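Report on the structure
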Amino acid sequence: MIAATAALLPGWAWVAFGGLTLTVGDVLFRQYFITPHAGYFVAGFAAYALGALALAFSYFDKNIVVATVAFITLNVVTYALISFFWFGDEYSTLQIVAVCLGLLVFALLELA
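Since the structure is predicted, the reported quantities are computational estimates derived from the model, not experimental observations.

What follows covers the environment of Thr73. The topology assignment puts Thr73 in helix 4 (residues 64-87). Under the relative-accessibility criterion, Thr73 is labelled buried at 13%. For the pair Thr73 and Cys100, spaced 27 residues apart in the sequence, the C-alpha separation amounts to 9.8 Å. With sequence-adjacent residues up to four places away left out, Thr73 is seen in contact with Gly102, Leu103 and Phe106. A distance of 2.7 Å separates a polar side-chain atom of Thr73 from the backbone oxygen of Val69.

Shown next as structure tokens:
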């Protein structure tokens, strides 16, 4: 039954859904720390659980290393963008270079 559920979407779609869902969880937890409300905490935890489930489903179709690196890279990039535009975070040149290197690593893993 689990394999049948995982087969509903291709592996890249599970990775994308999981990475974005994890980003939603990150934003909800950050909002929880700004304005403590149990709803943010519960919703953030549910988003984390759903993102982890999507990552597990992606393993049926993708290599575990490639799927995990893509998942984390998507999460970091989208969270950095949301933090910059929504929360007003500023990033140093070193942090921007680190994100670009993460994207490069993902590209190299996909080519391998």
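From this point, things continue past the structure.
Two aromatic rings are characterised by how far apart their centres lie and by the angle between their planes. Within this structure, the stated rule accounts for eight aromatic pairs. Ring centres 5.5 Å apart and planes at 75 degrees place the aromatic pair Phe29 and Phe41 in the edge-to-face group. Linking Phe29 in helix 2 (residues 11-34) with Phe41 in helix 3 (residues 38-58), this pair joins segments that are 12 residues apart in sequence. The class for Phe41 is partly exposed, based on a relative accessible area of 39%. The ring of Phe87 carries Arg30 above its face, with NZ or CZ at 4.2 Å from the centroid.

Parameters and conventions
- Residues numbered from 1 in each chain as written.
- Predicted model: local features only at pLDDT ≥ 70, side-chain atom pairs only at ≥ 80, totals over all residues.
- Heavy atoms only, no water.
- Helix = DSSP H or I, 4+ residues; strand = E, 2+ residues; numbered from the N terminus.
- Buried < 20%, exposed > 50% of the residue type's maximum accessible area, 1.4 Å probe, protein only.
- Contact = heavy atoms within 4.5 Å.
- Polar contact = N/O pair within 3.5 Å; in protein donor to acceptor, adjacent residues only side chain to side chain.
- Phe/Tyr/Trp six-rings, centres within 6.5 Å; stacked < 30°, edge-to-face > 60°.
- Lys NZ or Arg CZ within 6 Å of the ring centre and 35° of its normal.

None of the figures reported here should be taken as evidence of function without further support.
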